[in-house]
Structure formats: C-alpha cells, structure tokens
Amino acid sequence: DHLDALKVIAVHSFTQESQPHDSVQKLEDFDGALKTKEGGGVSCATRYLVESAQLFASICCRQPRALQICASILERVTKLNPAISNIKPEDEAQVFCQLGLIHIMQGSGMFEKAMKCFRESSRRDESNVQALEAMALCQLAEGATDDAEAQVELLTLMHGNLSDPDFAYLQALLIKSKQSRRKDDPTSGGVTAADHVNALLQCKQQVLGRAWDLNLSGISGTSGISNGSAPDSAGGSSYMNAFQNLLTASPDFLMILASDFLEHMDSAASAVILPSTNSLLNSTTTATTSNNYAGGGLGAGSTYMDTSTLAGGLTAGAGGGLTMATGLLGDDPASSSSSGMGGDSGGGDMMLAADSSQAVQAGMELLGRVLRTCPGFIPAYVELSRCNLGLGQHDEASRVLQQCLALQPHCSPVLLALAKVEASRARTVSADRVLEQAQASDFSVRTAPLFRLIKATVRAQQGRFDDAIAEVEQIVALPEFSFSMGGAGKGSKSDNSGQSASSDLLRSSLGGGASYADSLRLTDDDKVHVFVTYSSLLSKARRLKEANKVLSQAKVVFAGSRQEVQVLVAASQLYVEKGDFDSAIRMLDKIGHDSPTYSRAQLVKADIFLNHNHDKEGFTKCYRQLAERDPSSRNLAMLGNANLRILNPEDPSATHEYHRAMDFYEMSVKDAEWVWGRGWRDRNLSHDLL
C-alpha cells in the first residue's frame, strides 16, 4: 500500500466530501497500512507519524474514532525503542505533547491522561514551552485559575512575551476565566469582554500571520522534530508540503477561535429585535416584521453583511481537489485586519457595517477561511448559519445550509439547523417537513434536546400548545437543566450555577462535549430560548404563576451574561400582557449602562414607550441615550430614524425634527467613512439622505 496515496485520499475525504463515516474508514485504511509496514520491520520516520497524527486531528471535526486512531499512532511511537529508532529526547517530548493535545480534544474525561502526557513531555525536555502551555490549559479546565495564571507568569519570565498563537490563546482563556469569576463575584474586579476580544484578535493575527509568512517563504514542512526521514513511499524530504498550511493554521484551532469570537455576537446583533414572549407562538409572525424599532429601514438585512462572498464560492470548491496552499490563508492578515474580510467593499453588498462587532466580523472571517479550504467541514456550515441567524439574516443562513446539504443531503445536524431557520421565520409547514427529514435521516435525533426545542416551537406556532409544553418539559427534565429547574424556589442548586457555567465555557473551548464539533448541542442562546419558550407557553395556558417561576430561575442562571436581556425582555412582556407597562419598563431599567446588553434593552424599552405608552419623548430618549453613550454610525442612524418615525407632517415641529434627523444621518456617514477609510460610503445612509 502506498502511504501517501492513502493519506491524500483520507485528507480529501475529511476536508472536501462531508461524509464523516467514509472519512473515518479511509483513515483506518491509512492506519492499517502504517501498521503493516511497522509489522514488516519497516520503521516510518517519527516526524512522518507525528505530523500525520497532527494533520488528521486538525481536520477530523473531533470525531471520536478519528481522534482515537490519531492517539493510537502516537502511542505506538512512544513505545519505540530509542536505541533502534534513534529518536532524541526532545523529539520524544514533542510526541508526548502532541498525544496530550489529542487527549484534550477527546474531551474532559481525558484531561487527566493529557496532564500525564504533558508532565512526561516536560520531564524529557524541560525547555518544551508547548507542554508548559498545555498544562496551564488543563489547569484552567479544572477551575484552577490562580495556578494557571502563575504558570503563564512563569512562562513569561522564562521565555519573555511569547509571540505564538498557543500562548496568545492561553492568555485569552485566562481572561475568559477571570471574566466568568467576575460575574460570580462582581466585587472581585477583573477584566471585561473587550479584553477577551482583544486577546482573541491578537491570537488570530498571530496564527494567520505565521501561516502567511510560511506561505510566502515557501519553506518545507517541519513540526519541530528533526529526526528521521520520510518513508520510502514519501518520495523525498518535501513530502509534507501539500499539508503544511493545514498543520500551521489548523482548521480545528480556527473553529475553536471562531466559536470564542462568536460568543460576543450580542453587541452586533443588537439591532435585531427580540420577539415578544408570545410572538414565537404566532404563526403569522415573520422575521421582517421586527427588522427595526425606529421604522426607518434599519433592519438586519440592511445593517449586516451578506456573506455570499465570505465562503469564497463553497459549492465550486466542494470536491474539486485540495486547496490547501492558500485557502486557510486568504489575504495577507495585515490587510484583512483593516479591511474586514477581504471582500470587495466597493461593489455589491457591503461586507459588514462599520459599527458591527469586531468579534463577529473576526469569527465569520475565520469560518470563511475554514470553508474555503475544507468545504466538507459540516460544523463550520452550522456555526456560520447560527451566526447569520443571530444577525437576522435568514436567507443567508438558509443558503449556507443548503450548500452543505448539496454535499450531504441526509446530514441530520444540518437539517435541524435548517428547521431552526425556518421556524424562526414562522414558516411552520417548511420547518415541520425539515424536522421529518432529519428524523428520517437519523432516527436517534428525535431525542436530542435541540430537536425537541425546535419541535416545541413549531407545535406552538401550529397552536398545539399542550404538545409544545410536553416537549419543553422533557428538555428541562434533563440533567443539564437540573441545577436551575430542579432547585426552583429552593435556592439549593442555583448557588453554584455561575461556577458550573464558567467551567462549561472553558471545557467547551478546550475540547469538552459541548465543543463546536457537537452540532446538536444546545448553545447558551438555545438554553435561554428554552426558558423563554417555556414561560411563553405557560403564559399562553394562563399558568402565569408557573411562568413567573420559570423566568425567576432564568434570571438566576443567566445573571450577568449576554442572554440576561432575553430573560428580562420575556419578563417585561409578561407585564405588558397584563397591561402593566410601567413595571415592564422598570424591569428593563435594571440593565445598567455598563452591561453589554444595555443597547438591546434600550431598543425594547423604546418599543414599549411608542407602541404601548404612546410616549414619543420617551421613545426618542432611548435612542438619544444610546447615541450619547456610543456615538457610532449605527446608533446615530437609529436616532435619526427614530426622529423621522415620530414625524407628523402636519405638525409645525415637523421641519425641525426632519433637520435633526438629517444631522444625525450626516454624522453617521462621516463616522462610517472614518472607520472604513478611503472612498467608502454607507449606501443605506446615503440613500436615506437623498
């Protein structure tokens, strides 16, 4: 068997074909060929084996069997006799370090084995920085933030300010842990979400910069292991060149980095209106009915990006051969960081509004880079569709998923994601049909919490409230909800909810069961949607006491998180349904100026002022406070729209309000021009000025 041929076939399957089971089988064929050579007395080069394990671990979407094979390859290397294999101690240390990293990817149950590997790696080579960094990762996962911080400080003292992506990501995780601890104890001080985003941006710049430099230099692929030559079938010392970019800019690492970025998407999605607690039950509700609060065309479709250029022509790339030379690299990272996603901002739809979240922009850019190189990466499609859905771009979310279904028509996670998109647009018949397709493709999916959540939403839209309540009750009976629902009214299990949430966040980043690879997982947004949906259904059934109890628990669970506003909005909606508008506004006033959810709360409050209290001054005041707090182009444009919306043409003050709106629009355009640089103008704002 020709090893390189089998390797190329397996790599192509993982990255291009979206057939997970076939890909694992091809990896097993490659591993079988390796064992055959080893059994025949032919010793493969250590570097070849380690890089092969690294490569497949980075492109297998963390499939358990694939990671098991990669770990098995490295375990066989560790059992080689150093006298025969002529492997150096530093190379042995590298093998143990890579084995430990694969154990981390296998999940939290393997963290102990991973730590043993890192300790062994450090014992064999005390100067192995990667092993020390990985030990700090495990300490963070176990909640030992202080120990991890001390380890980072020690690394900095020993080696200076390391400029490698792994160390940058370790610092970002440390900031994330401190941020979670601050939510649990606000008096402890600490860091902010902006600090976490900045650390992630630095990490992104370093990983793409390193890959870009490598691509320009055209050097041969090495993994830091100097011993050994390629096997006979490799045909020369440059045998890994075709895969070097995948090793340097690991798709798995980029996916984790993108997921961390997208945790901050709330600030960019603030213009997307949260539905009222009962709007999800109304089959006539459409996404376009709530595109804007100010009513001036500032909906999600005009405010956010159309990612049709982001994926870089995914369909054309599917199955069209390996595109590893530049796919993960794209444009020069230095230029992409200043121009967004490297798209043509002068033609077609603008890539992203100048005031949109930098974190969301970076996350979507990374997903686009992964998909350009690995169009068979199913989780990347699901994550990108989630992001588009969060931004209110339903058509784009559906388009991304349809591209994946063109590769794998019977992929149940993608079908569920599509059903979620259809349900969010209240396309009940379509959503129900897609749910049936998902169940037909994989019958076991019917027990997944995400399936039950989408089904509950669809049943509610159909008016089958009893069926919907039954589905949601099966979700809240799950162990992952026991810390909140099980302790309702007792406070027995809720006390540690913040600590549990902090631990879960870190474990998902480090490789736990809730990682990006689990496309059927319930995200934090899905979990808060469970509470809000349950409360809505109970309210619809006139079980108001139980509805209030559910939301009270949700307030405890999501206190201090970006999902908190959704709970408060749901609670305020209960007051609105009772006609108690003042209590609804007081509920939203609880969100302070320093909260990342403040903007969204102001938008919801403005809607109550205008549509229920008929208070135009209160309506515009909400937008004025937003603009004063953050005079970005979006906030100024929304303030202009608010002034135009309350405009009465017959009122003598109409002319004055019109000119005020014009002033705000002009300020918005100037702000957008300053952010985006030479020659760019926001077409939407320019059109409104005309």
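Heads up: the structure comes first, above all this text.
All values reported here derive from a predicted model rather than from experimental measurement.

**A word on the packing of helix H3 (residues 46–59) against helix H4 (residues 64–78)**
Inference 1: At a minimum axis separation of 9 Å, H3 and H4 run at an interaxial angle of 160°. Regarding the angle of H3 to H4, the classification is roughly antiparallel. The chirality of how H3 crosses H4 is left-handed. Facing Thr46, Leu49, Val50, Ala53, Phe56 and Ala57 of H3, the residues of H4 in contact are Leu67, Cys70, Ile73, Leu74 and Val77.
Inference 2: The residue inventory of the contact of H3 with H4, partitioned by class, reads ten nonpolar, one polar and no charged.

**Description of unusual backbone geometry**
Inference 1: Non-glycine residue Ser18 carries a positive phi angle of around 55°.
Inference 2: Mapped onto the fold, Ser18 is located in the loop between helix H1 (3–16) and helix H2 (20–39).
Inference 3: Positive phi, close to 60°, is recorded for Arg62, a residue that is not glycine.
Inference 4: Positionally, Arg62 belongs in the loop between H3 and H4.

**Here's the deal with helix H20 (residues 412–424)**
Residues lying three or four places apart along an α-helix face the same way, a consequence of the helix completing one turn every 3.6 residues.
Inference 1: For H20, with 13 residues, the first-to-last C-alpha span of 18 Å sits near the 18 Å given by 1.5 Å per residue.
Inference 2: With respect to burial, H20 is a largely interior element, eleven of its 13 residues being buried.
Inference 3: Here H20 has its buried residues at Ser412, Pro413, Val414, Leu415, Leu416, Ala417, Leu418, Ala419, Val421, Glu422 and Ala423.
Inference 4: Residues of H20 that are buried sit in contact with helix H18 (378–390), helix H19 (394–407), helix H21 (428–441) and helix H22 (449–461).
Inference 5: Of the residues trailing H20, Ala426 is marked for its positive phi of about 60°.

**What to know about the environment of His12**
Inference 1: Here His12 shows up in helix H1.
Inference 2: According to the relative accessible area criterion, His12 is buried, its value standing at 19%.
Inference 3: Sequence spacing of His12 and Gly376 is 364 residues, and the spatial spacing of their C-alpha atoms is 8.9 Å.

**A closer look at the nonpolar core**
Inference 1: If you look at the biggest cluster of nonpolar residues, it comprises 181 residues, and the most contacted ones within it are Phe56, Leu257 and Phe377.
Inference 2: The greatest single-element share of this core, amounting to ten residues, is contributed by helix H8 (residues 129–141).
Inference 3: Contact partners of Phe377, with chain neighbours within four places excluded, come to Phe14, Thr15, Ser18, Ser58, Ile59, Cys61, Pro251, Met255, Val370, Leu371 and Tyr516.

**Thoughts on the packing of aromatic side chains**
Inference 1: As enumerated under the stated definition, the model contains five aromatic pairs in all.
Inference 2: Ring geometry for Phe619 against Tyr623: centres 5.3 Å apart, planes inclined by 70°, an arrangement best described as edge-to-face. Of this pair, Phe619 and Tyr623 both sit in helix H31 (residues 616–629), four residues apart, which is roughly one turn of the helix. Across the pair, Tyr623 and Phe619 agree in class, each one buried.
Inference 3: Taken together through their ring pairs, the aromatic side chains of Phe14, Phe30 and Phe56 make up a single cluster.

**Here we look at helix H26 (residues 524–540)**
Inference 1: When the terminal C-alpha atoms of H26 are compared, their 24 Å separation across 17 residues agrees well with the 24 Å that a helix rising 1.5 Å per residue should span.
Inference 2: Extensive coverage of H26 is indicated by the burial of twelve of its 17 residues.
Inference 3: The complete set of buried residues in H26 reads Asp526, Val528, Val530, Phe531, Val532, Thr533, Tyr534, Ser535, Ser536, Leu537, Leu538 and Ser539.
Inference 4: Where H26 ends, the next residue or the one after it, Arg542, has phi of about 65°, a positive value.

The rules behind each value
- Residues numbered from 1 in each chain as written.
- Predicted model: local features only at pLDDT ≥ 70, side-chain atom pairs only at ≥ 80, totals over all residues.
- Heavy atoms only, no water.
- Axes fitted to C-alpha atoms, helices over the stretch in contact; angles between N-to-C directions.
- Helix = DSSP H or I, 4+ residues; strand = E, 2+ residues; numbered from the N terminus.
- Parallel < 35°, antiparallel > 145°, perpendicular 65-115°, else oblique.
- Left-handed = near helix turned anticlockwise from the far one by under 90°.
- Contact = heavy atoms within 4.5 Å.
- Nonpolar A, V, L, I, M, F, W, Y, C, P; charged D, E, K, R; others polar.
- Expected span 1.5 Å × (residues − 1).
- Buried < 20%, exposed > 50% of the residue type's maximum accessible area, 1.4 Å probe, protein only.
- Core = buried A, V, L, I, M, F, W, Y, C linked by side-chain atoms within 4.5 Å.
- Phe/Tyr/Trp six-rings, centres within 6.5 Å; stacked < 30°, edge-to-face > 60°.

Scope: geometric values only; no functional claims are made or implied.
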